[in-house]
Amino acid sequence: MRFFYKEKLIIGEINIFDIKDKKNGNKKQIIEIDNITYGGDGIGSLSSGKVIFVPKTIPGEKHLVKITKEKKNYAYGITKKTLKKSKSRINPKCEIFEDCGGCQWQHINYEKQKDFKEQILRDSLLKIGKLEKIKINPIIGSEYPWYYRNKSIIPFTKEAGRIVAGFYKRGTHQVIKNQTCYIQHQLINRIKRYTIDLLNEYKNISVYDENINKGLLRHLYIRVGTCTNQALLTFITTDERFEKLEEIADILMGKIPELEGIMRNINNKKTNVILGNKSHLITGKDYIYDYIGNRKYKIGLTSFFQINTLQSEKLYDVVQRYTNMSGNEIIVDAYSGIGSIAISLKENYEAVYGIESNKNAVKDSRYNAAINELNNCHFIKGDVKKEIPKLLNKVKKPDIIIFDPPRSGLNKEILKTVIDHKIKEIIYVSCNPTTLARDLKILKEEFEVLNIQPVDMFAQTYHIETVIQLRRLA
Ligand SMILES: C[S@@+](CC[C@H](N)C(=O)[O-])C[C@H]1O[C@@H](n2cnc3c(N)ncnc32)[C@H](O)[C@@H]1O
């Protein structure tokens, strides 16, 4: 089976589908799709043997494909006509699915999406991690794979003088208008609609134009509590004058009872980074609460919180099972965010130490430990790379380290530290099978992989979350 890691290509090829390759712009070929990438695209071969990536296709299908870009070793194309359909093909719910950069797999039934995630994970672990003879537990799916996202970042544009909101077209910053997103929580859809309608009642509110770095409104940032139905709305703007913001905020708070607060975040930079450094509260509170299982969490604007609250409970249950605690363990929750994993653990331990670099998240995690009445849950503000060695040099060393790093995974220094310090157990929670496989290639020299458990946190998209249980080889 051929294996391709597509994500790098997507990142490196902004605007690929808008660029008309002069040489191949009108070339079409019939392509049989024989695999699918981490990144979501179908893979086939051109008659020359060169690999071609075709979005929104499914292995087993045949398509008439227009080649939109050709590189030395690979090409991109778009379907002009589907000649043979997969049995797993369904009609996407969303009217902008073909163009939107958010979902990749609404055209594939959910059962098959889960199969593809298992297959992509297996391929990564084998080809990159060189992990042979592995057993992957069946992916833990979602009972209702729609309306699950508890956070949304919504860009603006103007059409015929009116402000509209939507999503970026795949690989571009072109905003496509959208009323209902089928993977966002319905409360987010409602807040977005009310807010846009209200903004349009005010004249002269400008929208940010990244080409000239001018204009006021950049994004709406909406966070909701899936289990509490609370919401926090943030206007991300430049520092241009936002007249009537207080009035707008008061009207929205009156109209939408679920809104706990409205904030403004200032971002003046010509950048793809969404949030600027300065935020302030306009009205209400600058946080919401949510529950994962029976634990309560306070979530501020800038803190990381898992996107799919209900699936997080299943994810954390897997982590709990893999900790296999007897009651006197010291546990490290590295990359602890607002303390979600540390706090979710049953109190059958001596102590848990969370390590997190975002100071607001650390503040929230300490508060969260207190409201859940957990006295042996401590949080350290710092860099995992620097803080883990300090914990490992204590008289009583940690027994288990739980890693839940960002997409970039663990760096070599951290891997060396855990190997050198003879840590016995590691639980690795990963949102990126490629960096996970890269790190496991190193860890497997010293650790046995006891369990590989994917959990589907991101239905309708190619994203894959995995929990790995590792034990030091005897
Ligand atoms: C994938 S999130 C995991 C959060 C948490 N475990 C959860 O389940 O909600 C990764 C977290 O690592 C933090 N982070 C990123 N780099 C870090 C570093 N070098 N040291 C400590 N924390 C870091 C981020 O701020 C973020 O909160």
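Only a predicted model underlies this, so the values are computations on that prediction, with no experimental measurement involved. (Residues numbered from 1 in each chain as written. Predicted model: local features only at pLDDT ≥ 70, side-chain atom pairs only at ≥ 80, totals over all residues.)

**Side note on the sheet that holds strand 8 (residues 162-168)**
Formally: Should DSSP find at least two bridges between two strands, the strands are regarded as paired. Here a helix means four or more residues in a row that DSSP labels H or I, a strand means two or more in a row labelled E, and each is numbered from the N terminus. Structural elements are reduced to axes, namely lines fitted to C-alpha atoms, with helices fitted over the stretch in contact, and the angle between N-to-C directions of any two is expressed from 0 to 180 degrees.
Reading across the sheet, the 7 strands line up as 9-8-7-10-11-12-13 and stay open at both edges, with mixed pairing between neighbours. Every interior strand has two partners, whereas the edge strands, strand 9 (175-177) and strand 13 (278-284), have only one. Sheet twist, expressed as the average angle between the axes of neighbouring strands with direction ignored, equals 35 degrees. Here strand 7 (residues 151-159) runs beside strand 10 (residues 217-224); their pairing, made up of 5 bridges, is antiparallel.

**Describing the site of the ligand**
How we decide: Using a C-beta atom placed from the backbone, a residue is described as near a molecule or strand when that atom lies within 6 Å of it. Any residue outside Ala, Val, Leu, Ile, Met, Phe, Trp, Tyr, Cys, Pro, Asp, Glu, Lys and Arg is labelled polar, Gly included; the first ten of those are nonpolar and the last four are charged.
In the vicinity of the ligand there are 17 residues, among which Phe304, Tyr335, Gly337, Ser357 and Asp404 approach most closely. Those elements giving two or more residues to the shell around the ligand turn out to be helix 6 (340-344) and strand 17 (351-356). When grouped by side-chain class, the residues that make up the shell around the ligand number 8 nonpolar, 6 polar and 3 charged.

**Let's talk about the pairing of strand 19 (residues 400-403)**
Where we set the bar: Labels follow a simple rule on C-beta atoms placed from the backbone: if 20 or more others lie within 10 Å of a residue's own, it is buried; if 12 or fewer, it is exposed; otherwise it is partly exposed.
Residues Ile400 and Ile402 line one face of strand 19 and the alternating positions Ile401 and Phe403 line the opposite face, and both faces are buried. Where strand 16 (residues 330-334) meets strand 19, 4 bridges bridge the pair, whose relative direction is parallel. Of the residues in strand 19, the one forming a bridge with Ala334 is Phe403. With 4 bridges connecting them, strand 19 and strand 20 (residues 425-430) associate as parallel partners.

**Digging into the sheet that holds strand 19**
The strand order 18-17-16-19-20-22-21 describes an open sheet built from 7 strands, whose pairing is mixed. With one partner strand each, in any of the chains shown, strand 18 (377-381) and strand 21 (447-455) form the two edges of the open sheet. Between one strand and the next, the sheet's axes are offset by a mean angle of 15 degrees, whatever the strand orientation.

**Structural notes on the domain arrangement of the protein chain**
So the rule is basically this: Domain start and end points were adopted from an automatic or database domain assignment. By the convention adopted here, residues are in contact when the distance between their C-beta atoms, placed from the backbone, does not exceed 7 Å.
Entries for the protein chain in the domain assignment read domain 1 (7-89), domain 2 (118-143 + 308-472) and domain 3 (151-292). Between the C-alpha centres of domain 2 and domain 3 there is a distance of 33 Å. Tallying the contact residues gives 8 residues for domain 2 and 5 residues for domain 3. Only helix 5 (309-323) and helix 6 provide two or more residues apiece to the side of domain 2 that touches domain 3. The element contributing the most residues to the side of domain 2 that touches domain 3 is helix 5, with 5 residues. Residues of the side of domain 2 that touches domain 3, tallied by class, amount to 2 nonpolar, 5 polar and 1 charged.

**Overview of the packing of helix 3 (residues 186-199) against helix 4 (residues 245-255)**
What counts, and what does not: Between 65 and 115 degrees an angle is taken as roughly perpendicular, under 35 as roughly parallel, over 145 as roughly antiparallel, and anywhere else as oblique. We call a crossing left-handed when the near helix sits turned anticlockwise from the far one by less than a right angle, and right-handed when that turn is clockwise.
Contact geometry of helix 3 with helix 4 gives a least axis separation of 11 Å together with a crossing angle of 140 degrees. It follows that helix 3 is oblique to helix 4 by the angle criterion. With respect to the hand of their crossing, helix 3 and helix 4 are arranged in right-handed fashion. Across the interface between the two elements, Tyr194, Thr195 and Leu198 from helix 3 touch Ile248, Ile251, Leu252 and Lys255 from helix 4. When its residues are assigned to classes, the contact of helix 3 with helix 4 shows 5 nonpolar, 1 polar and 1 charged.

**A word on the nonpolar core**
Operational definition: Only buried Ala, Val, Leu, Ile, Met, Phe, Trp, Tyr and Cys residues enter a nonpolar core, and they are joined through C-beta atoms within 7 Å.
Residues Val319 and Ile402 are the most contacted members of the largest nonpolar core, which totals 113 residues. Contact partners of Ile402, with chain neighbours within four places excluded, come to Val319, Ile331, Val332, Asp333, Ala334, Ile341, Ile427 and Val429.

**A short note on the packing of helix 8 (residues 384-392) against helix 9 (residues 412-420)**
Between helix 8 and helix 9, the least distance of the axes is 9 Å, while the angle of their chain directions is 10 degrees. With respect to each other, helix 8 and helix 9 are oriented roughly parallel. Counted together, Val384, Lys385, Ile388, Pro389 and Leu392 of helix 8 and Glu413, Ile414 and Thr417 of helix 9 form the full contact between these two elements.

**Things to note about helix 4**
The condition that has to hold: Think of it as the arc spanned by the lines of direction from the helix axis to the C-beta atoms.
Burial in helix 4 covers these residues: Ile248, Ala249 and Leu252. For helix 4, the angular spread of buried residues about the axis comes to 100 degrees, placing them on one side. Helix 4 presents Glu246, Glu247 and Gly254 as exposed residues on the side facing more than 90 degrees away from its buried surface. Looking at the buried residues of helix 4, the elements they touch are helix 3, strand 11 (231-237), strand 12 (259-266) and strand 13.

**Quick word on the confidence of the model for the protein chain**
Operational definition: A residue's pLDDT is the confidence the predictor assigns to it, expressed on a 0 to 100 scale.
Mean pLDDT over the protein chain: 92, with 95% of residues reaching 70 or higher. Under a pLDDT of 50 for its full length, residues 5-22 has, in the predicted model, 29 contacts with residues more than four places off or in other chains.

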